[in-house]
Each structure stands twice: as C-alpha cells, then as structure tokens.
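This is what each chain is made of:
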Amino acid sequence: MNKCYASSKIFLVGFMGSGKSTVGKKLAKLLGYEFVDLDKQIEFKTGLSIQNYLETYGENTFRELERDLLQHTTYAEKIVIATGGGTPCYFDSMDWMNECGITIYISLPVSALVNRLRNAKVERPLIKNILDDTSLAQFITHKLIDREKFYQKAKFMVSGKDLTAEKLVQYLEMVN
Ligand code: S3P
C-alpha cells in the first residue's frame, strides 16, 4: 500500500449530492489549499466521462481505477480532496484516507438527497435511469445502509444542510 504521511490533507466523503465538490472547492479557497475532485481526475486521466467509463469498463474496473488514483496520486501538501460517493466504500480506501489526513463525512438525510439529486441525474450514471422520487429514495436508502458504515469511519461528521465552507472552517478550528 502506498502510504502518505502528510497531515494537511482534507478528504470529503459522503453520498452523491451531499456537496463534497461544491463545498470542497470553496473550502480550499478559504484555506489557501489546492483542490482536487477525484471524479474529474478520473475523467482527465481516462479521457472519458464517468458515465462513458462505467458503461465501457463496468463498475469493478471503475472502482479499481478510483482506488488507484486516490491512493497513488502525489498530492500537494495542503489539499482538499472531494471523493466520489462510492470511493470510501471499496477496498481499504476509507482506512487509507484516515491514515493520510483528515476525513469529513458530509451527511444528509434521504429526503434532502432526493431533492438535490432529482435534477442532477444526467451526470450520475448510477441513478440516471431512476425516474421517480420514490424509486430514487429507495435506491438512496439501500445504498446508504451499505455505505454508512464506511462514511461513519470519518474522523468528523458534519450536516450537509445549509453547510458552507465558512461553517466548515469554523468547525475545523473548533475541533482541532
Ligand atoms: C458514485 C458517485 C459519483 C461518481 C460515480 C459513482 C457513487 O461521484 O464517482 O458516478 O458510487 O456514489 P459524486 O459523489 O461526486 O456524484
């Protein structure tokens, strides 16, 4: 396993639509850190959208690539990393992130996730064919049952409701 020892790395984890990329980008700016979005890295590296990649190579290959990129990228010393919703839930990636830096779980209830994802399905292959809110809520509920145990290994958990980068900075100052 490729270990990483620096401490100023902030990994944001949580379900699709929880705000990892949006808040993460602003958080990095406020802190004067670099920012990286793992999904964007995958797209850059492969030259394919996540959707095309998943359709072409399947989920298992996607998860391996996601793990490899997460764990073998040479990161800036001070960086905020927005992970994909599934990143912490495969292989040893959650433990790896906990060893490498600060992990923050941005948590939202199913109803809020449905509201956020209802109009953001196109770019998310796992949910793009789910048509109605009830089915979307069922999908999220089932996924969360699997995923919460990984997300909850994060060092910190914050509510994604009305979360801003400023609030996150205040929170980090309080707990550190
Ligand atoms: C996924 C979440 C997506 C992306 C891929 C799979 C997931 O990232 O990595 O579509 O398994 O939850 P976001 O959480 O940034 O949407």
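Up top is the structure.
Numbering of residues starts from 1 in each chain and follows the order in which that chain's sequence is written. Only residues with pLDDT of at least 70 are given local features in this predicted model, and only at 80 or more are side-chain atom pairs given and counted; all residues enter the totals for whole chains, interfaces and linings. Note that water and hydrogens are dropped before the side-chain values are worked out from all heavy atoms of the structure.

A. How the structure looks around the packing of helix α2 (residues 38-46) against helix α3 (residues 50-72). Two elements in contact, α2 and α3, have axes whose closest approach is 11 Å; the angle formed by their N-to-C orientations is 115°. What the angle tells us is that α2 and α3 run roughly perpendicular. For the pair α2 and α3, the crossing hand works out as right-handed. Note on element contacts: α3 touches α2 through I50, Y53, F62, L65, E66, L69 and L70, opposite L38, D39, Q41, I42, E43, K45 and T46. Here the residues of the contact of α2 with α3 are counted per class, giving eight nonpolar, two polar and four charged. For helices, the fitted line uses only the C-alpha atoms of the stretch in contact; every axis is such a line through C-alpha atoms, and the angle between N-to-C directions lies from 0 to 180 degrees. Segments assigned H or I by DSSP are reported as helices when at least four residues long, segments assigned E as strands when at least two residues long, and all are numbered from the N terminus. Orientation is classified from the angle alone, with under 35 degrees giving roughly parallel, over 145 giving roughly antiparallel, 65 to 115 giving roughly perpendicular, and any other angle giving oblique. The crossing is said to be left-handed when, going from far helix to near helix, the turn is anticlockwise and less than a right angle, and right-handed when the turn is clockwise. Here, two residues are considered to be in contact whenever any of their heavy atoms come within 4.5 Å of each other. Gly is put with the polar residues, along with every residue not named as nonpolar or charged; the nonpolar set is Ala, Val, Leu, Ile, Met, Phe, Trp, Tyr, Cys and Pro, and the charged set is Asp, Glu, Lys and Arg.

B. Examining the site of the ligand more closely. Around the ligand there are 13 residues in total, and K20, D39, R63, R124 and R147 lie nearest to it. Here a polar contact is taken to be a pair of N or O atoms separated by no more than 3.5 Å, where protein atoms must pair a possible hydrogen donor with a possible acceptor and residues adjacent in sequence count only if both atoms sit in side chains. Measuring from an oxygen atom of the ligand, one finds a side-chain N or O atom of D39 at 2.7 Å. In the model, an oxygen atom of the ligand is placed 2.8 Å from a nitrogen or oxygen of the R124 side chain. Here the ligand, which alone exposes 390 Å², has 94% of that area covered by the protein. Tallying contributions element by element places α3 first for the shell around the ligand, with three residues. Residues are counted as near a molecule or strand when any one of their heavy atoms sits within 4 Å of it. Using a 1.4 Å probe, the Shrake-Rupley method yields the accessible areas, and only the shown protein chains count as cover for residues.

C. View of the pairing of strand β1 (residues 9-13). To sort residues, take the accessible area from a 1.4 Å probe on protein chains only and compare it with the maximum for the residue type: under 20% means buried, over 50% means exposed, and anything in between is partly exposed. In terms of burial, β1 is largely enclosed, as five of its five residues are buried. Neither face of β1 is exposed, since K9, F11 and V13 on one face and I10 and L12 on the opposite face are all buried. One bridge is not enough; two strands pair if DSSP finds at least two bridges between them. Note that β1 and strand β4 (residues 102-107) share four bridges and pair parallel. Residue L12 lies in a different strand from β4, and its bridge partner there is I104.

D. View of the side chain of D37. When you line up the elements, D37 lands in strand β2 (residues 34-37). His is not counted, nor are the chain ends; Lys and Arg add positive charge and Asp and Glu add negative charge. Any Lys or Arg side-chain nitrogen found within 4 Å of a carboxyl oxygen on Asp or Glu counts as a salt bridge. For the buried D37, no salt bridge is present, and the opposite-charge side chain at shortest range is K40, 4.7 Å distant. Not counting chain neighbours up to four residues away, the residues in contact with D37 comprise S21 and A82.

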